[in-house]
There are 2 protein chains.
Amino acid sequence: MADNTQVKNANGRGGDKPTTMADIARIAGVSTATVSRALANPAVVTAETREKIDRAVADADYRVNTLARNLRKMETRTILVIVPDIANPFFSDIFRGIEEVAHENGFVAVIGNTEVDPEREAAYANMARERRADGLLLLDGKLPAWASGASALGGVPFVMACEYVDGPDICLVRTDNYDAAKLAVAHLAELGHRRIAHIAGPLDRSISQDRMRGYHDGLAEAGLDDDPALIFEGDFGLDSGTAAIPTLMLGKPTAIFTSNDEMAMGAIQGLRAMGLGVPEDVSVVGFDDIRFAGAYNPPLTTVAQPRYEIGRLATEMLMQLLSGHELGQRQRVLNSSLVIRESSAPPAKAGG
Amino acid sequence: MADNTQVKNANGRGGDKPTTMADIARIAGVSTATVSRALANPAVVTAETREKIDRAVADADYRVNTLARNLRKMETRTILVIVPDIANPFFSDIFRGIEEVAHENGFVAVIGNTEVDPEREAAYANMARERRADGLLLLDGKLPAWASGASALGGVPFVMACEYVDGPDICLVRTDNYDAAKLAVAHLAELGHRRIAHIAGPLDRSISQDRMRGYHDGLAEAGLDDDPALIFEGDFGLDSGTAAIPTLMLGKPTAIFTSNDEMAMGAIQGLRAMGLGVPEDVSVVGFDDIRFAGAYNPPLTTVAQPRYEIGRLATEMLMQLLSGHELGQRQRVLNSSLVIRESSAPPAKAGG
DNA sequence: TTGAAAGCGCTAACAC
DNA sequence: GTGTTAGCGCTTTCAA
């Protein structure tokens with residue numbers, strides 16, 4: 001059975017010549033055009049011809065060469081998904097939805113993991129222009145190139161998800177982060193909290209900004225004061241949630257609304273380190289409802305976004321764009337919902 | 001700025017003819033061969049020629065057509081990574097390492113998310129044979145096709161990571177799951193636990209089997225009895241960890257070793273639901289040290305695998321394979337280590 | 001319904 | 001150091 005670098009077969013990479021469509025044509029006694037047709041659109045050839053071809057294909061274990069097909073058709077059937085961090089469960093769930101729709105349409109989804117590194121962002125943005133991908137799905141709103149709109153991408157079709165830049169013609173699927181944040185703050189206010197802190201995400205990202213705005217307006221609507229000492233800008237990472245606590249607790253909040261679940265977990269760790277319990281001493285509300293939010297101790301009250309659905313919808317939109325169909329709507333805003341669990345409760349002084 | 005489906009540019013997809021190498025050649029007053037050389041290997045043309053070409057490329061905003069290049073060179077510079085579940089943080093961390101090495105080598109990594117569905121597994125396995133990928137990285141040991149060795153993949157170079165099937169010539173990067181599991185059990189035994197339960201992963205997967213064997217042998221070496229009532233087969237999901245608890249607790253264990261961290265978290269939820277605390281009533285040890293293990297409450301004692309490193313190493317191996325170099329070693333076994341945190345402690349009766 | 005033939009845009013001999 | 005030329009394997013007119 002030999003060594004894995006040298007195994008050969010009918011289609012072999014081991015050095016011998018691979019089977020081509022011409023070989024099949026010769027074996028079946030037809031032209032390459034007919035083989036091509038039989039493979040792409042079986043209905044268009046006679047049953048007899050089809051049979052001969054099918055047999056030849058099976059005998060030779062033939063597979064079309066996608067490379068040649070791609071060049072001829074000038075398409076790759078590949079979409080490139082640009083994400084800031086694939087190891088973030090938020091993105092990997094969205095990706096599941098993307099990958100599924102892509103696959104259903106005979107497309108392949110490639111991930112470009114930028115780690116928010118401008119150099120890598122640029123490298124990936126170029127991929128589409130070099131015709132390594134037919135279209136782009138952007139989950140990373142920071143790319144400066146996007147800011148100037150579609151033209152900066154050289155006419156490559158793209159859809160943004162979650163993050164966004166302004167522009168009337170930009171295709172976009174997202175949830176209403178502003179509303180959801182307001183809801184989260186309202187929930188805490190209703191429980192009786194008066195001093196509600198906020199751990200924000202990086203403020204150069206649209207979702208962080210929206211959640212922050214929702215926080216401010218939520219406070220205002222509840223008639224609570226808006227103390228700058230109760231705001232901390234994190235980076236969506238666990239550690240930044242923990243790091244926020246010592247500073248934030250100086251302002252004596254009884255509740256904290258964090259811009260994602262990871263920072264909520266980090267914050268809870270930080271509170272624990274100070275000997276404070278959640279929700280007994282401080283309530284915490286997160287955002288995203290990632291896979292582990294409900295299984296955390298305490299289970300996290302958080303905003304559930306339909307991540308899988310966002311991925312599916314954005315990809316369906318891109319498929320429309322690629323097939324040249326007119327889009328019904330360019331912007332879709334999905335509903336998110338507050339999931340109330342044990343990490344939020346009335347403040348201690350309110351008597352539980 | 002028009003509509004994102006119709007924007008055109010020099011390389012345009014909007015319908016007008018794209019710039020080709022022939023255009024650049026004409027503008028620069030050289031042959032296409034020279035343009036090709038100047039782009040691929042600048043040192044081989046004179047500075048003067050290079051300059052003319054560079055200017056023409058910049059002016060026309062030219063990008064090589066990878067489709068044509070790929071056909072000509074009969075390569076895709078793409079590797080396909082087959083994973084059972086990308087939303088699992090264990091895999092997404094490995095993928096980070098993969099994606100990085102691929103990128104360093106001018107390759108692109110595509111994820112094939114199988115969801116352990118045989119149909120999708122087969123579809124992805126075919127991709128390489130259709131020349132949509134140059135090589136395969138298998139993180140999913142279940143594909144029946146692999147079982148028969150390299151030949152089943154039609155000579156496509158591949159490397160397995162973590163999961164494996166037997167075969168002397170299979171390229172493989174993994175950690176020693178057997179040893180690590182023994183270590184975990186030894187740790188619990190040393191703390192004074194006598195009845196140690198095990199929540200296994202799906203037993204048709206090599207890693208589950210290895211961890212289970214390590215559990216058995218770990219018990220034996222500690223002189224503990226091996227009670228079938230203390231074993232439960234889960235599916236690596238959170239819920240299966242929770243589901244295991246009612247059954248398992250009938251056997252009165254004081255400690256549980258789970259085959260991954262997700263099931264450990266699930267188990268802790270299940271114990272909580274029964275009013276049992278961790279580690280006061282029952283100690284829990286997980287496996288993998290995923291992103292949230294240390295931030296869990298209680299922080300999880302677990303086996304840390306160098307996931308990122310596994311991804312990097314496996315990809316480096318595949319790059320070797322693809323470049324035709326002889327491999328130093330076909331199998332690499334990396335070290336994992338036990339990370340002791342608060343979820344494991346001496347049993348209550350031991351007075352710890 | 002089928003065949004002949006013309007490329008898709010690039011790279012790599014081979015000649016100069 | 002540069003140009004000429006012959007394809008890579010497929011799809012798709014256009015004719016028959």
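How each quantity is defined
Note that residues are indexed from 1 along each chain, following the sequence as it is written. Labels are handed out in written order, letters beginning with A for the chains and numbers beginning with 1 for the ligands. In keeping with the predicted nature of the model, local features appear solely for residues at pLDDT of at least 70, side-chain atom pairs appear and are counted solely at 80 or more, and the whole-chain, interface and lining totals rest on all residues. The basis for every side-chain value is the complete set of non-hydrogen atoms in the structure, without hydrogens or water. At least two DSSP bridges between two strands are required for those strands to pair. Here a helix means four or more residues in a row that DSSP labels H or I, a strand means two or more in a row labelled E, and each is numbered from the N terminus. For every element, the axis is a line fit to its C-alpha atoms; helices are fit only across the contacting stretch, and the angle between N-to-C directions ranges from 0 to 180 degrees. Every residue pair with non-hydrogen atoms within 4.5 Å of one another is taken to be in contact. Residues are said to line a cavity or pocket when one of their atoms sits within 4 Å of a point; the points come from a 1 Å grid over protein atoms alone, cavities being sets where a 1.4 Å probe fits but cannot get out and pockets being open sets with protein on both sides within 12 Å along at least five of seven lines. Grid points are joined across faces, edges and corners, and a volume is the space filled by probe spheres set on the points. Three categories are distinguished: nonpolar for Ala, Val, Leu, Ile, Met, Phe, Trp, Tyr, Cys and Pro, charged for Asp, Glu, Lys and Arg, and polar for the others, with Gly belonging to the last. To sort the angles, those under 35 degrees are grouped as roughly parallel, those over 145 as roughly antiparallel, those from 65 to 115 as roughly perpendicular, and the leftovers as oblique. Left-handed describes a crossing whose near helix is turned anticlockwise from the far helix by less than a right angle; the clockwise case is right-handed. Think of it in three bands: with a 1.4 Å probe and only protein chains considered, a residue is buried below 20% of the maximum accessible area for its type, exposed above 50%, and partly exposed in between. Delimitation of the domains relies on an automatic or database domain assignment. Buried area counts how much accessible surface, traced with a 1.4 Å probe, disappears from two parts once they are put together, with both parts' losses summed. What counts as a salt bridge is simple: a side-chain nitrogen of Lys or Arg found within 4 Å of a carboxyl oxygen of Asp or Glu. Think of a polar contact as two N or O atoms within 3.5 Å of one another; within protein, one of them needs to be a possible hydrogen donor and the other a possible acceptor, and neighboring residues in sequence only count if both atoms come from side chains.

*Asks:* What should I look at first to understand the sheet that holds strand β6 (residues 196-200) of chain A in this one?
*Replies:* The strands making up a sheet associate through hydrogen bonds between their backbones, and the pairing can be parallel or antiparallel. Residues and elements named next belong to chain A. Strands sit in the order β7-β6-β8-β9 across an open sheet of four strands; the sheet is parallel. The open sheet is flanked by β7 (231-233) and β9 (283-285), the only strands paired with a single partner. Neighbour to neighbour, the strand axes of the sheet diverge by 15 degrees on average, direction disregarded. For β6 and strand β8 (residues 255-258), the ladder comprises four bridges, and the chain directions are parallel. Looking across to β8, one finds that Ile-196 is bridged to Ala-255. Along the sheet, helix α8 (residues 177-191) contacts β6, β8 and β9; its crossing angle with β8, the most-contacted strand, is approximately 170 degrees.

*Asks:* Looking at this structure, I do not really get the sheet that holds strand β8 (residues 255-258) of chain B. What am I missing?
*Replies:* Residues and elements named next belong to chain B. Spatially, four strands are ordered β7-β6-β8-β9 in an open sheet, and the strand pairing comes out parallel. Because the sheet does not close on itself, it has two edges, and the strands there are β7 (231-233) and β9 (283-285). Neighbouring strand axes in the sheet, compared pairwise and without regard to direction, differ in orientation by 15 degrees on average. Direction of pairing for strand β6 (residues 196-200) relative to β7: parallel, over a ladder of three bridges.

*Asks:* Any chance you could explain empty space enclosed by the protein here in plain terms?
*Replies:* Left-over empty space is what a probe sized like a water molecule reveals as it rolls over the atoms. Considering all chains together, one arrives at four cavities of 30 Å³ or more under this definition. Computed from the structure, the largest cavity encloses a volume of approximately 280 Å³. If you list the elements that add at least two residues to the lining of the largest cavity, you get α4 (66-73) and β2 (108-113) of chain A together with α4 (66-73) and β2 (108-113) of chain B. For the lining of the largest cavity, a count of residues per class yields eight nonpolar, eight polar and four charged.

*Asks:* Mind showing me how you'd approach the packing of helix α5 (residues 89-104) of chain B against helix α12 (residues 307-323) of chain B here?
*Replies:* The description of two packed helices rests on the angle between their axes and on the distance between the axes. Residue and element names in this part refer to chain B. For the pair α5 and α12, the least separation of the axes is 7 Å and the interaxial angle reads 40 degrees. One finds that α5 runs oblique with respect to α12. As for how α5 packs across α12, the hand of that crossing is right-handed. Each of Pro-89, Phe-90, Asp-93, Ile-94, Arg-96, Gly-97, Ile-98, Glu-100, Val-101, Ala-102 and Glu-104 in α5 lies in contact with α12, whose residues at this interface are Arg-307, Tyr-308, Gly-311, Arg-312, Thr-315, Glu-316 and Met-319. Each residue belonging to the contact of α5 with α12 can be placed in one class, and the counts come to eight nonpolar, three polar and seven charged.

*Asks:* I keep staring at the side chain of A:Asp93 and nothing clicks. Help me out?
*Replies:* Of note, A:Asp93 is situated in helix α5 (residues 89-104). Taking relative accessible area as the criterion, A:Asp93 reaches 11% and is therefore assigned buried.

*Asks:* Explain the domain arrangement of chain A to me, please; I cannot follow it from the model alone.
*Replies:* How large an interface is tends to be reported as the accessible area lost when its parts come together. Residue and element names in this part refer to chain A. Looking at the assigned domains, one finds that chain A contains domain 1 (21-72), domain 2 (76-175 + 307-334) and domain 3 (177-306). Listed per partner, the contact involves 16 residues of domain 2 and 13 residues of domain 3. Taken over both partners, the interface formed by domain 2 and domain 3 buries close to 1400 Å², and the fraction arising from carbon and sulfur atoms is 45%. Broken down residue by residue, the surface that domain 2 buries against domain 3 is led by Glu-163, Thr-175 and Arg-307, which jointly contribute 39%. Joining domain 2 to domain 3, the criterion identifies one salt bridge. Among the ionic pairs, Arg-205 bridges to Glu-163, the shortest N-O distance being 2.7 Å. Linking domain 2 with domain 3 are twelve residue pairs in polar contact (both at pLDDT 80 or more), by the criterion used here. Looking at the side of domain 2 that touches domain 3, the elements with two or more residues in it are α5, β5 (172-175) and α12 (307-322). Top contributing element to the side of domain 2 that touches domain 3 by residue count: α12, with four residues. Looking at the side of domain 2 that touches domain 3 residue by residue, the classes come out as nine nonpolar, two polar and five charged.

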